Amino acid sequence: MDSSERRGWDRLFPDEVNSYQETWSITCACKRRFSNPTRYSKHILTCQDYKAKVRTEQAEKQSSFQDRANKRKGRGKSKLATWFGEGGNLDFDNQGSERASQSPGAGPSSGAGDKAPSGYDPQSTIHHLQEVESANPQPVHVELGRGRRQKRAPTRFKDFIPHGHIPLSSAIPDEDFVLPSSPSLQPEVPADNGPSQPSLVTKSTPKNSFGLYKKYQSKEDVPHDPDASTSPVDLEEEPAADLVDQLQQETPADFYPYPNSNSFKLGNWFWSDQNQKSTQSWKELVSIVGSPDFRSEDVQDTDWDKINRVLGSSEFEEKSSSDSPWYDDGTSWTKTPVTIRVPFNSRTAAKGPKEYTFPDFRHRPLLPLIKERIRNSGNDAFFHHVPHELRWKPGDDKEDVRVFNEIYQSDAFLQAYEDVQKLPGPEGCNLPRCVVGLMFASDATMLATFGSAKLWPLYMFFANDSKFQRGKPSMKLGEHVAYFEKLPDDFKDFYLKHSGKDTISQATLTHCQRELFHEQWKVVLDEEFLDAYEHGIVIECADGVKRRFYPRILTYAADYPEKILIASLKNLGKFPCPTCTIAMKDVPNMGTADDRDIRALGERIDDSDRRNRVDEARKLIYRPKRLNINSKAVNAELDHLSLVPTDNAFSLRLSRFNFNFYDMLSSDVLHEVELGVWKSVFIHLIRLLDALNPRGANDLDYRYRRVPTFGKDTIRRFRNNTSEMKQLAARDYEDILQCAIPVLEGLFPNQSHDDRVVELLFTMAHWHALAKLRMHTDHTLSILDALTTDLGSQLRQFVSTMCAEVETKELAREFDARTRREAKKQQKMAVVKGAKRQKISHPSDVETSGEPDSDKKPSGKQPKTLNLQTYKFHALGHVVRTIKRFGMTDNTSTQLSESYHRAPRAHYYRSNKKDVTLTFSRIQMRQARLKRLKQQLLPSNSEGKPPSPSEAHYFIGKSQNKPVDIPQFVYVHREDPVTWNFYTKLKVHLLPRVQQMLLEEARSAPENYGYALPLLERIASQEHGPPSDVEDESQRVFIVSDRAYKHEILQINYTTYDTRREQDILNPNTNRRDVMCLRPDFSPEAGSGSSSHPFAYARILGIFHVNVVFLGKGALDRRPRRFDVLWVRWYAELGDQQPWSACQLDRIKFPTISKGDNIGFLDPANVVRACHIIPRFSAGQVHSEGGRTAVSKLVKDNEDWKEYYVNRFVDRDMTMRYHWGLGVGHAYSHSDASTGTRPPEPEARNSPEGVHSVSDIPVSEAPEMDNSTIAEEATHTGNEVGAEASICTVGRSTLDSETPASFRSTGRERVVSTSTASTPIGGSQHAPDIAGTDPVLLRKEADDGEDVDDQAPESEEDTLHDREAEVIDELDGDRYELQNREIWALPEPDSESESEEVDESSWQAPSSLTL
């Protein structure tokens, strides 16, 4: 290399570079000489002579190493210090990068791959560095000035692996337990056939590692416990491995109706849910036909049509159902004719009711389905027989609170279980009694993208299953029970024929549709089911124990149109709510005291008064008077509660059991919030922008497109114009809400309007996050209840102030939609008036009100405002009640049934597009029977499950295919500030981790390493030490071949608030690159010396692993050990953390990159999880786009924004991390959980005295080391200090930021200081904690006659001299003196000895020393 390159290299590396340069000035085996390392590296890739030489050397070294290994066998620990001998091989790049786990008596294994250049001698380099470092005494490093504060590493994060099993077998009696007091779902049924069960003893289980325990009642000593088989895979959101696909040894009879295994595999592949071929489907087919066991003759003569007929046959289609191969298997479908009575009033030709029969209602009987579900051993692992109350007590001094999670832990299930125990039973029956909780859901869906094909399926789920298993459609725990039918098109002909009229009233069509729906439900709730409902049914379970099961209907999930259909109410009547009797005029008062009173006192009840009113109304319609359905007399009977004259199937079938069908209709967040209130609010915000800011919608679209993605699919890319809202689903509106604050902030010209919008968005996002939690406690429910009141108040203020002040009109899309509706309505009215025969695609589409006006032209945009007088707004107030009654909202949301719509849509492409329900029922039977056959052939659970890879907190690949030569990397980027001090920062970061690993190894094998334990434990116990000692000791950390190995992916496995496992995938080359760590100085009661920020945030610049050899104090051997590191850029917090009451997100920023001191290294084990950082768009970018080139091309700082927001609403787990102490799975915050003597949430906190905001502190980016486990993670050691004086330099002030390195000439030895360090926010000014921090580079360099300090401004010199004097005054004048801008620290001699030797352990940093 030329002289200019050498000088630049020398400035960056005053010591190491000499050896490095000589290494690369080599001659290749082909006799060509190279002085440039890059050229040489490229050359050896193709040089045959070099490769031959490498192979020869490798064989020789392998032979030499094997000889030495054989000699070392049996020598024991006395020879540990000389493992490798003189000239041993230290090139471990290719020897496997895992942490050494072999026994001390085994040497490293040789590896294959690329070698270091032949001129490189690691052993001589190590000896050279040892001689250089021991030649002179090392300085005691003292830096002054605010800009030189040391940064402490983040808290060592300890992730708790969740264990789902809380064993029921270890429970003990608990006499204080009382079941939750709530209205009984299933009160006692009068009967005379036997005494009731005696009262059961309540038992409590021990607490698990998170403080959770169960309380339950059971007659069995050891009840069935599905949680006992829970594995780490079951606690993951997505299974880590696919189901086992290898079949056991079978006989041909096992595959009936298939003749052999190969035909079964092909049939199973064909009838899978995939309706279209894909790469995965192709691979599955290839694996079948490519199997060594596959024989073509097995499938050539197979009668596929016969097999499909047998698989799709029903036991009810056979002459004798007992002869069916599928008898009583619960999979068979049947069809039943359904008849309704159509009313014809006195003005029609045929006066009186006429019967209309629909012949083909397809459904499955419920009781065989329930029996098979309980008997099937494949389902036994998820089916809970005994409900329990889940409680949480994280510590002995902590409050014991109720936990709401699964529906079998809810009040409704517990009350049903208690009522069942009180029922009189058959004489002599002493079997355990259990409840089968049934959850229904129905929702009409389109089957094709184009056309009018629809399906109205009814799904049934079992509340005894875990919601996490039930929520995976691939598990297929939901059952298709029926396909509801609507009035067919020929019903119009039937009605017109008997009425003698030309039209059908909308009221008549609606009434007949209600009648048809409830008649179908009467068929589903057949007599066999009702008998089991009353008396129970004895079933021998998969565990061989007979139990008596009582089916109980708990919930029914549906959107609002179906809710009122189920509840037999008028659509948007005077009393619109299906669960309470609130009037429409009172709906906007959601959350007020009056509203709460109405909900509590005005619950709807299916009592005799309701049934009598309906009976009287039906008599007026069907009896001799034959009045119209909407006549005044009929409405007089029903209007006071918005009832309809329909016999409710649930009331007719189950009212004798005191079943209240209104109670099963629960909240639906998907339709009522995401597609309801939030969608309406967002649309009106667009209207406001359209009225106040002409380009507001364009800015909104631009900002949403700049929002980074997050997670696997948590926040997806906003590709289209968000303001146009084209084809958005509920999950899209959820993403819009979670990212709305940074996007909408600053778009409204009026600051008061802007503040009100931000506050409203914050409250709505917070409410939405808590409403969709998968686990609640009493505390979080109280917060949600208070937020409900707050949200209602803010929405009313928003409407009465901002919406009233700004006149808003329809959006363009709303105007176009209204125009199309009006045109279509006019066309229909013209047909109805002039045609003798209507052409109606569906009866419900007919509208007859109003007169056609062909000359009427569409008006302009009409005024439009936000309407709070809707049921969906009122439904927000029922969410807390639903959670207390039935568990979390994901138990009752229609999101589950929406996901099950995928199967019918896939089946549609396999149907003949004609008799769709018949085809669907046959496909469903085939798939159900194939699933059962596959379960019988799979290995049983007793054989175990594959281990989960998520038990480790993080995962970085083992590949070494992307080596990075560190000196070359730093040299190439020598002008980039982020690489300044790269090597030394890395070594100082690695030092405490190496020492901690050595300590753990010594403790695990004391028989081999007992001699080193005292020293390693003493090093670990030293919480503070002189900075220079740590820096000196870090020079004993050697990175093998000066290479780091780059990786693209980091997977973080973490425990969520609900004690499950999830993963974050991070890639520094994408937007998924921001992480969060715990701060050690955080305290919920922030005060002096504490920070109000629980987390520190960083952006990953690179993911590496290095192989390290340590030769310092406490070294056990010379084996390389692998360490994973993250190269990060720290964010700086702006002010204290915002309390929830402030309704603001936390703000952070990137400090200037010119100093490079916010760049450091991080242990991946200290990463809590990924975080979502969104630019604060209203503040703008630091530099306009294209306005400045990057100071650092590696981090592209020219794209930085002035400020960023930390999105705490990106997912539920993130929200709960900011509710400190309330997350059950966040074990690190359990010490701050509620004790019952203080509110669960800390109030807003002011900045403590003496603590400044981050904007006032130049460098505060780096988080700090763990305050509880720091002694284990970050250790500090010092070097032996001789009699000579130690040198330390005075830190420069924060004004000295222009020069990348400050070289100070002393005339003897010089110390180079290139990085500034930070004092923790709110931290006390004590001796610095160096371990794991960004270091100050110490290097010796000959005097070149240039004093960089002289270039500092005069004002800086004055400040610096003043600060120097202050430090000398603070220090002991007898031991320290200032010479030529340097502080000389003299060792204090022992009072009882004249020796000048000073023990390293006796040196203590002055308590007033500040950095």
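Residues numbered from 1 in each chain as written. Predicted model: local features only at pLDDT ≥ 70, side-chain atom pairs only at ≥ 80, totals over all residues. Heavy atoms only, no water.

1. What to know about the overall build of the protein chain
Worth spelling out the cut-off: Helix numbering and strand numbering both begin at the N terminus, where a helix is a DSSP run of H or I of at least 4 residues and a strand a DSSP run of E of at least 2. Only protein chains enter the accessibility calculation, which uses a 1.4 Å probe. A residue is then buried if its area is under 20% of the maximum for its type, exposed if over 50%, and partly exposed in between. Every residue pair with non-hydrogen atoms within 4.5 Å of one another is taken to be in contact. Where accessible areas are quoted, they stem from the Shrake-Rupley method and a 1.4 Å probe; at the residue level, only the protein chains shown are allowed to cover.
Along the backbone of the protein chain there are 41 helices and 35 strands. Expressed as a percentage of the 1411 residues in the protein chain, the buried residues total 57%. Considering only residue pairs separated by 6 or more positions, the protein chain has 76% of its internal contacts joining residues 24 or more positions apart. Total accessible area on the protein chain is roughly 59,800 Å²; 48% of this is exposed by carbon and sulfur atoms.

2. As for the sheet that holds strand β25 (residues 1132-1133)
Put simply, the rule is: Following DSSP output, two strands are said to pair if at least two bridges run between them.
Ordered by their spatial adjacency, four strands build an open sheet running β25-β26-β30-β29, and the pairing between neighbours is antiparallel. The sheet is open, and its two edges are formed by β25 and β29 (1173-1175), each paired on a single side. Pairing of β29 with strand β30 (residues 1204-1206) involves three bridges; the strand directions are antiparallel. If you follow I1174 over to β30, its bridge partner there is Y1205.

3. Here's the deal with the sheet that holds strand β20 (residues 1050-1055)
Taken together, the three strands give an open sheet; going across it, the order is β17-β20-β21, and neighbouring strands pair in antiparallel fashion. With one partner strand each, in any of the chains shown, β17 (954-955) and β21 (1061-1066) form the two edges of the open sheet. Bridge analysis of β17 against β20 gives two bridges, and the strand direction is antiparallel. Residue pairing for β20: Y954 is matched across the bridge by I1052.

4. A closer look at the pairing of strand β12 (residues 454-462)
Among the nine residues that make up β12, eight are buried, leaving the element largely enclosed by the rest of the structure. Pairing analysis gives five bridges linking strand β10 (residues 433-442) to β12, with the strands arranged antiparallel. Paired with F440 across the strands is M460, a residue of β12. Sheet topology places strand β11 (residues 445-446) next to β12; two bridges connect them, and they run antiparallel. Bridge pairing in β12 places M446 opposite K454. Summarising the sheet, β12 and strand β13 (residues 479-484) pair through five bridges and their orientation is antiparallel. Paired with Y459 across the strands is H480, a residue of β13.

Shape is all these values report; function is a separate question.
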